[in-house]
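Residue-level structure breakdown
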Amino acid sequence: MDTSVVDPPDLVPPPPQPVGIYGWRKRCVYAVLLILTAILVINIALTIWILRVLHFSFDGISGMKFATEGIHLTKETQFSKPVYVNQIKAAENKPLYMMSHKDVQFLQTDQDNRVKSRVVLGTNSVDATCDKFTVQDSRGRVTMMIEGDDVILGTKDASYPGDIQFGSSVSTPTVRSPIGEPLRVDSSTSKVQITGMGGVGVNSDAGDVKVKAKDGVYITSAHGAVHILSQKVYMKNLPKTATLPSSSSSSSSSSSSSSSSSSSTDIYQLCVCENGKLFLAPSSRDCDLDPSVCG
């Protein structure tokens, strides 16, 4: 029996494999790294540019500074949406400007978001909507208040340079014209009524007081009297009776009337009709009833 030993064939080790990325894969990786590096540099440059343009700092952005009491705006600021604040205050010794190409509205709402008060700055107009409108001076005193149908002026004197119209009554202790100008109170289509529980006084210290009417002027005193106090009282355009004496007495008084006619031509006596109408009669005659005058 043949017991020869057969040696195994020699094993040839495999060739060594290269470690890393080679060829087109390596070029792709380098290209991706280059693009990422460029993007990173661009982002850093843009970030620095934005910080420089907007003036970012630890206190705020450009003209906007953040503080514990609020936000300080030192430059012009535009708001594209509503802004809700508790207080808007200008810097010390500087004015506060609010500009808009359209209307500027200030609204006050209740808990249900219903508008209770409104102030609108429009084109050539200022509209205020509220139940009570009050104007105060620097001392806190009310100079004008509008509530309902009442307009109350808190000042002692209120002046208006032009004409003013009132649709209802006016309650005031004094109505006075400007210095050197007349005072005129008129009603174009209705009447003017002046009422005073304690009396009505019309005074003119350096001029005339004129009352003019188309139909009639009535002076009535319910319980007192009408007094006219003046050194001179003129009643013009009163009707006159006939100046010729009656035929019965013409022959007896012809001599006396001829002698006194020249002296009594411009002198008349004041007579009163039964209906209260005044007329003039010659001073040499009695106040005879004249139907043409008293009728």
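Overview of the structure. (Residues numbered from 1 in each chain as written. Predicted model: local features only at pLDDT ≥ 70, side-chain atom pairs only at ≥ 80, totals over all residues. Heavy atoms only, no water.)

1. Some points on the sheet that holds strand 5 (residues 115-122)
Reading across the sheet, the three strands line up as 4-5-6 and stay open at both edges, with antiparallel pairing between neighbours. Each having just a single partner strand, strand 4 (104-109) and strand 6 (125-129) make up the two edges of the open sheet. Each neighbouring strand pair of the sheet contributes to a mean axis angle of 5 degrees, computed without reference to strand direction. One ladder, built from five bridges, connects strand 5 with strand 6; its direction is antiparallel. Counted as the bridge partner of Leu121 is Val126 from strand 6. (Pairing = 2+ DSSP bridges. Helix = DSSP H or I, 4+ residues; strand = E, 2+ residues; numbered from the N terminus. Axes fitted to C-alpha atoms, helices over the stretch in contact; angles between N-to-C directions.)

2. Points about the sheet that holds strand 7 (residues 132-136)
Spatially, the three strands line up as an open sheet ordered 7-8-9, and their pairing is antiparallel. Either end of the sheet is taken by a strand with one partner, and the two such strands are strand 7 and strand 9 (150-153). Put simply, the sheet's adjacent strands are angled 5 degrees from each other on average, direction ignored. Strand direction decides the pairing type here: strand 7 and strand 8 (residues 142-147), joined by five bridges, are antiparallel. Bridge assignment links Val135 to a residue of strand 8, and that residue is Met144.

Just distances and angles here, no functional claims.
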